[in-house]
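# A closer look at the structure
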Amino acid sequence: MTLAVGPRARLVISRIRPRARRRESGLMIVVAVVLLLGSVSLGATQRELAGQKVSWLPADAGQLIIYLGALFAGHVALVLAGRRADQVLLPTIGLLGGVSLILMERLPQSLVTQSLAGRTFGLASIQLGWLLLALAVITIVALAVRSDAWLRRYKYTWAAAGIGLLLLTFLFGNEVNGALLTIQIGPLSGQPTELIKVILVIFLAGYLSEFRPILVEASMRLGPLRLPPVPYLLPMLAMWAMALGIVVIQRDLGAALLFFAVFLALVYIATARASYVVIGLVLFAAGSAIAYQLFGTVRDRVDIWINPFLDASGKGYQVVQSLYAFARGGILGTGLGAGLPLVGGRLPIPAIHTDFPFAALGEELGLIGVVAILGLYLIVIERGLRVAASAADDFRSLLAAGLTLVVGVQAFIIAAGNLKLIPLTGVTLPFISYGGSSLLANGVVIGLLLALSDRGVEPPPPPQVGRGRPRFLGGSRRAAR
Amino acid sequence: MDPYVVAIWIVRIAFLGGLYLFMFGVTRLLLRDLRAAARDPGGALARLVVVGSDVSEPLRGTVFGLDAVATIGRDVNNSIVVEDEFASTEHATLTFRGRAWYVEDLGSTNGTFVNGLRIEGLRAIGYGDELQVGRVRFRFERSRR
């Protein structure tokens, strides 16, 4: 049988040159073995606690096989496309996602249920679906994005889209735990903030790379600080106002903190000037003080952070339970499946699958396991900053750094919040928390990082400033000395 | 002790160990990359890629590695020699000063252009900017490592 292949398709096929990605393959095998061990450990523990007979089957072999299959499919797609993209990112994300799947299999399946086509799916099945979609997004973005011109050309359009999404949330958002977060369109609901953080980074990378020379050459003096001319300070103030706006209108402290932290870090990366960080921190302190005075939610969070035990069965309940969970875990943990006894038929931490997965891991994997999870995030950050450091131009470099920071800072904010290191704010633990929006947005981030790390990516387009490039016609110019 | 419990603990610890095995593998790759980078002598700070040159030397596609100070001009003593009748003998310099790169026009007859705009004296330049000397256009890039 011969396949009818058009000339166009034949051209595409002829240009495919598979290239082995040995490091990635090796790490993938480690990931598969580790996830299998985790799943077996969970299965054995669950059967022991249920008083069933000894068996060494994984907790849910079907889900594990589907997940690993999808992960390997992504790997094979990158190999077949012959991309020279980073080889560590995909296995690391695969491991984090696998830990997420095991954790969701371990939690009570009734936490989240959804009926589809007459069947009811529990927590782990839904999360598996989102994980598969996220892996697909990573692979497709990594393979499809061959040029960043569409990102850098339309930075103000992106900014407008971001603000539009934000306004949409203000107008039509549903309230979750006192914060306006989700938008409902028909049966689908999503959290636009997750997407806004990616858009924000695209805009900031475009803006900062264009005005970097001016921002670096600070010209105005204010005491010991050297500042750029006032017009170039305005975006900084606008950013600050926007973060404060998110706190005021949306009451979403986590997103505000994340946006502002990523913004400050990017400004510092672009200019290497400590004065901007100082200004930013002063603005942050002022904003926090104002928010503390005006808003009950902010005051609650800070009070809980200072002493959760004052109201241990009320406002401080989740944080107290989170601390207990870490304490129960100790160094080695209780083992997957052996922690979290139900208290009076209820989970001690209601939001364990979204806001407190780090506490769950702390209990069941112990200090050693939690340090390993943080290590995995460090690997992601290291790879991302490496992409940034070897990018050909400022825009690409800032974009890679910003995308990396979005994931890194978010992981820090929620992990530190769970540990009562900083006030708890509701952001997701990237790739581990339950939730589609977060998984897909972070999938876009990792896909873009993979695309940017590819050495075959298109060289940066010429700058836009002063498009009318000087064209000297014969007589209009004198020959030089 | 119940052998089943002991076996479960072995699996649990093997899982934790596996997480560290993964990190160990990644760290080894990182160290290998770092050593390879350290062995590589080409320690250029940045590079200039010729993106447009129709009638003169250097030809399109030529890549120049830059040290902290680089001079551009028609004279053979410049670090980047531009064989173009519209370039001055000593046309411009590119310098790295701690935080940023700067380009300075050395009073050339036909001027130095950054992103199509003629510069006066010293100007900061970012990676990705386009530099024009005579009829030769360069793209200023971060060096690949």
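Scroll up to find the structure.
Thresholds, definitions, all that
Residues numbered from 1 in each chain as written. Chains lettered and ligands numbered in written order. Predicted model: local features only at pLDDT ≥ 70, side-chain atom pairs only at ≥ 80, totals over all residues. Heavy atoms only, no water. Helix = DSSP H or I, 4+ residues; strand = E, 2+ residues; numbered from the N terminus. Buried < 20%, exposed > 50% of the residue type's maximum accessible area, 1.4 Å probe, protein only. Contact = heavy atoms within 4.5 Å. Areas by Shrake-Rupley, 256 points an atom, 1.4 Å probe, with all protein chains shown as cover. Lys, Arg positive; Asp, Glu negative; His and termini not counted. Charge placed at Lys NZ, Arg CZ, Asp CG, Glu CD. Core = buried A, V, L, I, M, F, W, Y, C linked by side-chain atoms within 4.5 Å. Pairing = 2+ DSSP bridges. Expected span 1.5 Å × (residues − 1). Bend = angle between axes of the 7 residues up to and from the residue. Buried area = accessible area lost by both parts, 1.4 Å probe. Salt bridge = Lys/Arg side-chain N within 4 Å of Asp/Glu carboxyl O. Phe/Tyr/Trp six-rings, centres within 6.5 Å; stacked < 30°, edge-to-face > 60°. Lys NZ or Arg CZ within 6 Å of the ring centre and 35° of its normal. Patch = residues over 30% accessible without salt bridge, like charges linked within 9 Å, V, L, I, M, F, W, Y side chains within 5 Å.

The next point concerns the overall build of chain A. Along chain A, the regular secondary structure elements total 16 helices and seven strands. Scored against the burial criterion, the 481 residues of chain A give a buried share of 52%. Expressed as a percentage of contacts within chain A between residues at least 6 apart in sequence, the contacts between residues at least 24 apart total 73%. Accessible surface computed for chain A: about 21000 Å², of which carbon and sulfur atoms make up 67%.

Looking only at helices and strands, chain B features one helix and 11 strands. The order of α-helices and β-strands along chain B, N terminus first, is α-β-β-β-β-β-β-β-β-β-β-β. Taken along its principal axes, the extent of the C-alpha atoms in chain B is 90 × 25 × 25 Å. Residue burial in chain B is summarised as follows: out of 145 residues, 51% are buried. Contacts spanning at least 24 positions in sequence make up 38% of the contacts within chain B whose residues lie at least 6 apart. Summed over its atoms, the accessible surface of chain B is roughly 7000 Å², and 55% of this surface lies on carbon and sulfur atoms. Computed over 18 positive and 17 negative side-chain charges, the inter-centroid distance for chain B is 10 Å.

Next up on the list: the nonpolar core. Of all hydrophobic cores here, the largest spans 136 residues; its most connected members are Y67, L399 and I432 of chain A together with F22 of chain B. Excluding residues that lie within four positions of it along the chain, F22 of chain B makes contacts with L27, V30, V31, P91, T92, L95, L376 and I379 of chain A. By size, the runner-up hydrophobic cluster in this structure holds 22 residues, among which are I72, I80, I125 and Y127 of chain B.

On to the environment of A401 of chain A. Residues and elements named next belong to chain A. Position of A401 among the secondary structure elements: in helix α15 (residues 394-418). Counting along the chain gives 136 residues from A401 to A265, while the straight-line C-alpha distance between them is 9.1 Å. Not counting residues within four places of it along the chain, the set of residues in contact with A401 comprises L266, I269, L385 and A388.

To continue, consider the sheet that holds strand β11 (residues 136-142) of chain B. All names here are of chain B. Strand order across the open sheet formed by six strands is β2-β1-β11-β10-β7-β8, with antiparallel pairing between neighbours. Strand pairing shows two members of the sheet lacking a second neighbour, β2 (63-66) and β8 (117-118), which therefore form its edges. Pairing analysis gives six bridges linking strand β1 (residues 46-52) to β11, with the strands arranged antiparallel. Counterpart to A46 in the pairing with β11 is R142.

The next point concerns helix α14 (residues 357-389) of chain A. With 33 residues, α14 of chain A should cover 48 Å at 1.5 Å per step; its first-to-last C-alpha distance of 32 Å lies more than 12% under that length. At G366 of chain A, α14 of chain A shows its largest kink, close to 125°.

How big an interface is tends to be stated in terms of accessible area lost as the parts join. Taken together, the contact between chain A and chain B spans 68 residues of the former and 57 residues of the latter. Between chain A and chain B, a total of about 5500 Å² is buried, with carbon and sulfur atoms accounting for 63% of that surface. The interface formed by chain A and chain B includes two salt bridges. With its nearest N and O atoms 3.7 Å apart, the salt bridge here joins D394 of chain A to R142 of chain B.

Turning our attention to the environment of Y434 of chain A. All names here are of chain A. With respect to the element layout, Y434 can be found in the loop between α15 and α16 (436-453). Residue class for Y434 comes out buried when judged on its relative accessible area of 14%. Between the C-alpha atom of Y434 and that of D355, which follows or precedes it by 79 residues, the distance is 8.7 Å. With near-sequence residues (within four places) excluded, Y434 lies in contact with M104, V112, L123, I126, Q127, H353 and T354.

Throughout the structure, instances matching the rule amount to 13 aromatic pairs over all chains. Geometrically, the ring pair formed by Y207 of chain A and F211 of chain A is tilted, given 4.8 Å between the ring centres and 45° between the ring planes. With Y207 of chain A and F211 of chain A both in helix α8 (residues 192-216) and four residues apart, the pair spans about one turn of that helix. Assessed through its relative accessible area of 17%, F211 of chain A is described here as buried. With a centroid separation of 6.4 Å and 65° between ring planes, the pair formed by F64 of chain B and F138 of chain B is classed as edge-to-face. With F64 of chain B in strand β2 and F138 of chain B in strand β11, this residue pair connects regions lying 74 residues apart in the sequence. The pair formed by F64 of chain B and F138 of chain B is uniform in burial state, with each residue classed as buried. Through successive ring pairs, a cluster of aromatic residues spans Y156, F203, Y207 and F211 of chain A. The positively charged end of R97 of chain B is found above the aromatic ring belonging to Y102 of chain B, 5.5 Å away from the centroid.

Quick look at the pattern of salt bridges now. Within this structure, the stated rule accounts for 21 salt bridges over all chains. Close ionic contact of R383 of chain A with D86 of chain A constitutes a salt bridge, the shortest N to O distance being 2.8 Å. Taken as a pair, R383 of chain A in helix α14 and D86 of chain A in the loop between α3 (61-81) and α4 (89-106) lie far apart in primary sequence, 297 residues in all. Accessibility classification places R383 of chain A together with D86 of chain A in one group, the buried group. Here D84 of chain B and R135 of chain B are joined by a salt bridge, their closest N and O atoms 3.3 Å apart. Here R135 of chain B lies in the loop between β10 (130-133) and β11 and D84 of chain B lies in the loop between β4 (80-81) and β5 (92-97), a separation of 51 residues in the sequence. Its relative accessible area of 28% is what places R135 of chain B among the partly exposed residues. Taken together, the shared-partner salt bridges in this structure form one network comprising D86, E382, R383 and R386 of chain A.

This paragraph deals with a nonpolar patch on the surface. Taken together, the side chains of I331, L332, L367 and V371 of chain A together with I13 and Y20 of chain B make up a nonpolar region of the molecular surface, amounting to roughly 510 Å² of accessible area. When contributions to the nonpolar patch are tallied by element, the ones reaching two or more residues are α14 of chain A together with α1 (3-39) of chain B. Secondary-structure assignment places L367 of chain A in helix α14.

All names here are of chain B. In spatial order, the strands read β4-β3-β5-β6-β9; together these five strands make up an open sheet with mixed pairing. The open sheet has two free edges, formed respectively by β4 and β9 (122-125), since each of these has just one partner strand. Pairing of strand β6 (residues 100-105) with β9, which is carried by four bridges, proceeds in the antiparallel orientation. The residue of β9 that forms the bridge with E104 is L122.

Don't take any of this as a statement about function, it's just geometry.
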